Every structure is written in structure tokens, then in C-alpha cells.
Amino acid sequence: MDISTLTSKRSLISESIILIIFILLAILPLYAPRYTVILLTSIFMYVVLTVSWVIFSGPTGYISLAPAAFFGVGIYTSAILGKILPLPIVICFGALASFCLALLVGALTLRLRGIYFAIFTFGLVEFIRHLLLFLELTVTGRRGRLVILVDQTIVYYVMLAIFAILLLTSYFIRRSKLGLALQSIGQNEDAAAHTGVNVTMVKVITFAISAFFMGATGAIMATRWTYIDPYTAFNPLYSFMPVLMAIFGGMGQLFGPVIGAAIFTYLEEVLLTRFPYYYMLIFGIILVVAILYLPGGLVGLAQKWRKGDLAEQHANP
Amino acid sequence: MLVEILDIVVAGLLMGGIYALIAVGFSLQYGVARVLNISHGEFIMLGAFITWMLYKVLGVNPLVSLAICGPIILIIGFLLYRTLFTRLRTSSESIGAYEGSSMLASFGLLFIIQNVAILIWGTDIKGYSYLNFGVNLGGAIFAANRLVTLLFAVVIGAAFYLFLARTRLGKAIRAAAQDPVTAGFMGVNINQVLALCFGFGALMAGFGGALISMCYPIQPTMGFQYTIIAIIVVVLGGLGSMVGSFIGGFVLGLIGSIVSYWQPGLSLTAYYLLFIVLLLAKPTGILGK
């Protein structure tokens, strides 16, 4: 009894903290300088990409290198439809297009496990990128496209909304039967299938849900770049960044990827302005160090400290 | 017509020789050392730049510098495995977890090596002229340097095959590829052998890079495209199969040459399409069981 009231009290406190943070973020454009709003929008972008990546790849252990594909589909939806449809509908279309692509890809790649899945998803991004470039050059005769401009404050609020919805979705998936099914797939896929989990269905649906948010993000973020082409929209960096940020933050807890992505995006901003020539080098070093020495990410490290450094304390897989 | 066919086929084989070499290296690193090495292309770039430097600064014949840049890159690869990947391998819970984390670590290596190279050599495109004259083969004309690269690719590939098949170390490598744990019980120093495999993989990449620098302009960001080619070839030949990768290299070279004859802009797209179809239809590769 004691423990349950304690945990509910604790979760109440953390819930109210989250609520306060969101209220602060919602009124931020009223008082903060423009630069902060733009920086926060970038942070939201990476946070959403990372958290939605973790929804599928975190519990199942399938390393998806397809975020760039879904993000890029969102960007292109925005570039094609942005001039003829209102913004909210464009974003919905971007999200749905990515969702459908993920359903298709998921259904096709079910048999691939482990590293095959990773290299397939990686190849997919490159395939779309080159095919699209070829089509653009031969059909439209131009390499890139112009995207309509949207006010920065609106972009900020849209990203904030996507972020909030994603957090709720992620939270409920973790606590639902779907979340348990995903965990069991990650631990032993065959055993999960034998205990009655519809492995195929669970994987495809979750993959598509994660793609949905990436597509929505792509559709709104495209408006910030004004000009896009297949190489910028389907940049494989958008596939690797979420993976890196998730590892850096730690995937065991819901807020791990959020913290990882937020810190990393800020770091990217600082490094890019101060040390433009060393930025990618430092990026690589952090990646290697994080993989070697931070198996549970920043959150895992914090938990380790809190638990008084008990031997071999690993974060949840 | 006949000359055109000859032109396409030989051009494909010339490209295929380099593809085969780098794919064998990649396959060795994945098949035995279990590292899906995304930074493979960076070792190709290193090989190309070391050869270029030796030629420009000291005037060393590029074919001679194969013998210089090879060992350097072998040692770099060996040390990298001993420091980074051995630690990852021993701390991973399962082979699947190790494959995932080593792939991501190699992605970090890509950035490190590439950006160090940019700091040293800058981002400009570089190149030199070596054996740059035409050779007439039955009506079709090919550059002599490219014919030399094909010859060397085949010789290096064959030599490595003999090394694997005939020597004691080769046997240890084959044993480690089949089952590292059992190989360890049989007295194979597994950490050493895996590190050597990674080193040999890097060596192949270095050789490939040195040969590439004889025919094509080079720059520090050139590596990644070759990594992608290596991944495709290895999937084509079957992940982990050295012979499959060697043959797959030539097959991909031919496909690329045929496609770019019809539509130059589509050759990369064709590679990926082939790659995706293969993974879906026959993930074990054309020679796989």
C-alpha cells in the first residue's frame, strides 16, 4: 500500500513538472528572443525524430536506419502540396504518407532480422533519394523545389504540439499491451510468437506509428528551409542522428531520448558556430565514446550514480 | 555492335575488379569479425591519399606504394579492433547486440577518419596521372591504368584466397568465421585472429583505394560511396561469403556498366533496386544456401 501511494505521489509530481514545462514552453514565444524560438524548434525536431525512433527500435532492438526516408517523405509532401493546401492538411498528408510507406516497408521486411533490417532500411533511403533525383531531373527538369514560407512562431507551435502528442503516444504505448508485446519481441521473437503475440502485426503497426510522427515533422520543418532537393531531404544523417541521440540519452526511460536529443542539438548548435571544422569530428568521437562507455546512456549513468554504483548495474535494455 | 558489347563488358569488369576487392575486405570484416563496417570506405580513402602523397612528394610509383600503404592500413585496422571492437565484443550480451553497436561505432569512426583527413588534406579534389594512355582491345579503347587495376585486383584476390585456403592462419580465420567460441577452444587466439581479420579487411580497402587513385580523382569524402557499393556487393554475394563477394563485385560492375550505357543517371538507382530486391527475395545472396 505504502509503495503504491508513494509511486502515485511521485508520478503526480513528475506529471505536474512536465505540465509546467509545457506551459512554460507554450508561452515562450511571447517573451523569448527569436533566436531561442528557432533553436527550440530545431531541438523539438530532433527530439521528435529520436523519440519516435525509440518507440519502435528501443524495445524491439531492430535498428531502423529509415528515419531519413520518412522525414524526407514529409518534406516532399510539404513541397508538393504546400502551395495548394492549408498547412494543417499538408502536415496530416505528410504524416499519412510516411505512415503508409512504413506499412509497406514493414510488411515487406518482416522476414529480415538483425543487421539485414538495418542495411535494408539504409538502402531504402538511398534508393528513394537517387530515384527521386532522377525523376526530378527528367520529369520537372529541375533539381530541387521551393517550399512556402511559414511564420517561425507557427512552426514552433506545430512542433510543440507534435512533441506533446508524441510524448503521450509513447507513454501509452509503453504502458499498453502493445508495449509489452514489443518488449517480448525484443527479448525473444520466437518465444513472443509462441505466447500468442501477433509479431507481424505489432511490428508493422509500431513501425508505422513511429513513421507517422517523422512524416509530420518533415512536413512542417520543410517550411523552414525554403529550398529542398532530394539530397538535403533524404540526407542519411537524419537516420543516424536519432540513433545516436537515443543511445546518448539512454533508451530505458521515456525521457532519456528527450534529454539526449535536446543536449545533442544544443551541442550541435554551439559546435557548428564555434568550431565548424571540428564539428563532425567531435560528433564522431562522442558517438564512439557513448557506445563504448555509456551502454545505458546519460539516464543510465544517472541511475547508476543514484543506486550507489552497485556492481554491473545496467539500465533496462 | 560487337565492339559496343565488348566496350560495355570490359568496362564493367574493370569497375568490377575494384568493387570485388573492396567487397572482399568488407565481407571479411563482417563475416568473421562481425563488424558491419560503415567506415570501410574511409580506409579506401586513406589508401588513395597515402598513395597520392607518396607519388606527389616522393615520386613513388603507385604500384610500389601498394606495399607501403598496405601495411600501414593493416596496422591501423588491427589496432582499432584491439582497442575499440574487442572491448565492445566482450561487453555485449549477444552477437546481435554486438553487431548493432559495432555498426554504430564504425559510423562514428567514419566521421572521425573523414574529418581528420579533411583537416590534413582539405576538401579539394586531387589526382595524378599514371599510365594514362589508351590500349586497343579488339576495337574498343581502354586506359592502361584501369587495365592494370583489374590485373592487380585479380592477383590480390587470388593471393588472399590462397592464403585463406592454404596457410595455418587462414585456417584459423576460417574456423573463427564458422564458430568463434569453438575455434577458441581449439587453441585459436580469437581476439588476435578477429583483429587480424579486421586489419586484412582494411588492407583490402587500402589496396582498393590505392588502385582507385590511379584512375579517378580523389577527395576525403569519397569513401562513403564505396562503402555503399561494398554493402550492395556483399549482399549480392551473400553476407560473409568471401568468394561470393569477389564474384559479386564483377557482377555489380557489369550491371552498372550495362545500366549506365542506357541511362547514366540511373546506375546508382539500379544498384539500390537490385539490393532491395535481393534482400527481400534472397537475403543469403546469389551463391548462398
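Residues numbered from 1 in each chain as written. Chains lettered and ligands numbered in written order. Predicted model: local features only at pLDDT ≥ 70, side-chain atom pairs only at ≥ 80, totals over all residues.

Peer 1: I'd like a rundown of the overall build of chain A, residues and numbers included.
Peer 2: Check the secondary structure of chain A and you find 14 helices and two strands. Against the 2.2 N^0.38 benchmark of 20 Å for 317 residues, chain A shows a C-alpha radius of gyration of 20 Å, consistent with a compact globule. Along the first, second and third principal axes, the C-alpha atoms of chain A reach 65 × 50 × 40 Å. The burial tally for chain A puts 44% of its 317 residues in the buried class. Contacts in chain A between residues at least 24 apart in sequence constitute 78% of all its contacts with a sequence separation of at least 6. (Helix = DSSP H or I, 4+ residues; strand = E, 2+ residues; numbered from the N terminus. Rg over C-alpha atoms; globule rule 2.2 N^0.38 Å. Buried ≥ 20, exposed ≤ 12 C-beta atoms within 10 Å, placed from the backbone. Contact = placed C-beta atoms within 7 Å.)

Peer 1: Requested: an account of the overall build of chain B, with residues and values cited.
Peer 2: The helix and strand tally for chain B stands at 11 helices and two strands. Each helix and strand of chain B, ordered N terminal to C terminal, gives the series α-α-α-α-β-β-α-α-α-α-α-α-α. Taking 2.2 N^0.38 as the reference for a compact globule, 289 residues should give roughly 19 Å; the C-alpha atoms of chain B span a radius of gyration of 19 Å, in line with that estimate. Its C-alpha atoms give chain B principal-axis dimensions of roughly 60 × 45 × 35 Å.

Peer 1: Tell me about the environment of A:L132, residues and numbers included.
Peer 2: Residue and element names in this part refer to chain A. Here L132 shows up in helix 5 (residues 115-140). Residue L132 is classed as partly exposed on the basis of its 19 C-beta neighbours within 10 Å. Through-space distance from the C-alpha of L132 to that of D229 is 9.1 Å; in sequence the pair is 97 residues apart.

Peer 1: Tell me about helix 3 (residues 62-91) of chain B, residues and numbers included.
Peer 2: Helix length check: helix 3 of chain B, at 30 residues, gives a terminal C-alpha distance of 41 Å against a target of 44 Å (1.5 Å per residue), a fit within 8%. Among all positions in helix 3 of chain B, only B:P62, B:S65, B:C69, B:I73, B:L74, B:G77, B:L80, B:Y81, B:L84, B:F85, B:L88 and B:R89 are buried. Buried positions along helix 3 of chain B lie against helix 13 (279-293) of chain A together with helix 2 (40-58), helix 4 (95-121) and helix 8 (190-215) of chain B. (Expected span 1.5 Å × (residues − 1).)

Peer 1: Describe the interface of chain A and chain B, with residues and values.
Peer 2: At the junction of the two partners, chain A supplies 30 residues and chain B supplies 33 residues. Residue assignment for the side of chain A that touches chain B shows that the elements contributing at least two residues are helix 5, helix 11 (237-249) and helix 13 of chain A. Ranked by residues supplied to the side of chain A that touches chain B, first place goes to helix 5 of chain A with 13 residues. Here the residues of the side of chain A that touches chain B are counted per class, giving 25 nonpolar, four polar and one charged. (Nonpolar A, V, L, I, M, F, W, Y, C, P; charged D, E, K, R; others polar.)

Peer 1: Hey, could you go over the nonpolar core for me, with residue numbers and the actual values?
Peer 2: Counting residues in each nonpolar core, the largest one holds 189 residues, and the members touching the most others are A:V48, A:A69, B:I22, B:L194, B:C197, B:F198 and B:I232. With 18 residues, helix 8 of chain B is the largest single contributor of residues to this core. Leaving out residues up to four positions away in the same chain, B:I232 has contacts with B:L252, B:Y271 and B:F275. Within the second largest apolar cluster, six residues are counted, among which are A:A181, A:L182, A:I185 and A:V197. (Core = buried A, V, L, I, M, F, W, Y, C linked by C-beta atoms within 7 Å.)

Peer 1: Go over the confidence of the model for chain A, please, and point to the residues and values.
Peer 2: Overall, the prediction assigns chain A a mean pLDDT of 86, with 94% of residues at 70 or greater. Least confident of the elements in chain A is helix 1 (residues 2-31) of chain A, whose mean pLDDT is 77; most confident is helix 3 (residues 67-81) of chain A, at 93. (pLDDT = per-residue confidence, 0-100.)

Peer 1: Give a description of the domain arrangement of chain A that names residues and reports values.
Peer 2: Residue and element names in this part refer to chain A. Assigned domains within chain A: domain 1 (1-31) and domain 2 (35-243). The C-alpha centroid of domain 2 is placed 28 Å from the C-alpha centroid of domain 1. Each partner contributes residues to the interface: domain 1 has five residues there, and domain 2 has five residues. Of the residues contributing to the side of domain 1 that touches domain 2, the split by class is five nonpolar, no polar and no charged. (Domains from an automatic or database assignment.)

Peer 1: Describe the environment of B:G139, naming the residues involved and giving the relevant values.
Peer 2: All names here are of chain B. With respect to the helices, strands and loops of the structure, G139 is situated in the loop between strand 1 (134-137) and strand 2 (140-143). Placed 11 residues apart in sequence, G139 and L150 show a C-alpha to C-alpha distance of 19 Å. If we skip the residues at most four places from it in the chain, G139 touches V3 and L6.

Peer 1: Help me get a handle on unusual backbone geometry, residues and values and all.
Peer 2: Positive phi, close to 60°, is recorded for A:T226, a residue that is not glycine. Inspection of the secondary structure assignment puts A:T226 in the loop between helix 9 (199-225) and strand 2 (227-228). C-beta crowding within 10 Å serves as the criterion here: with 11 such atoms nearby, A:T226 is assigned to the exposed category. Although it is not a glycine, B:R34 adopts a positive phi angle of roughly 60°. Residue position: B:R34 is located in the loop between helix 1 (2-31) and helix 2.

Peer 1: Which residues make up the packing of helix 2 of chain B against helix 4 of chain B, and what are the values?
Peer 2: Residues and elements named next belong to chain B. Running from N to C, helix 2 and helix 4 cross one another at 25°; their axes reach a closest spacing of 9 Å. On the basis of the axis angle, helix 2 is roughly parallel to helix 4. For helix 2 against helix 4, the interelement crossing comes out left-handed. Seen from helix 2, the contacting residues are E42, M45, L46 and F49; seen from helix 4, they are L109, L110, I113, Q114, A117 and W121. The residue makeup of the contact of helix 2 with helix 4, split by class, is eight nonpolar, one polar and one charged. (Axes fitted to C-alpha atoms, helices over the stretch in contact; angles between N-to-C directions. Parallel < 35°, antiparallel > 145°, perpendicular 65-115°, else oblique. Left-handed = near helix turned anticlockwise from the far one by under 90°.)

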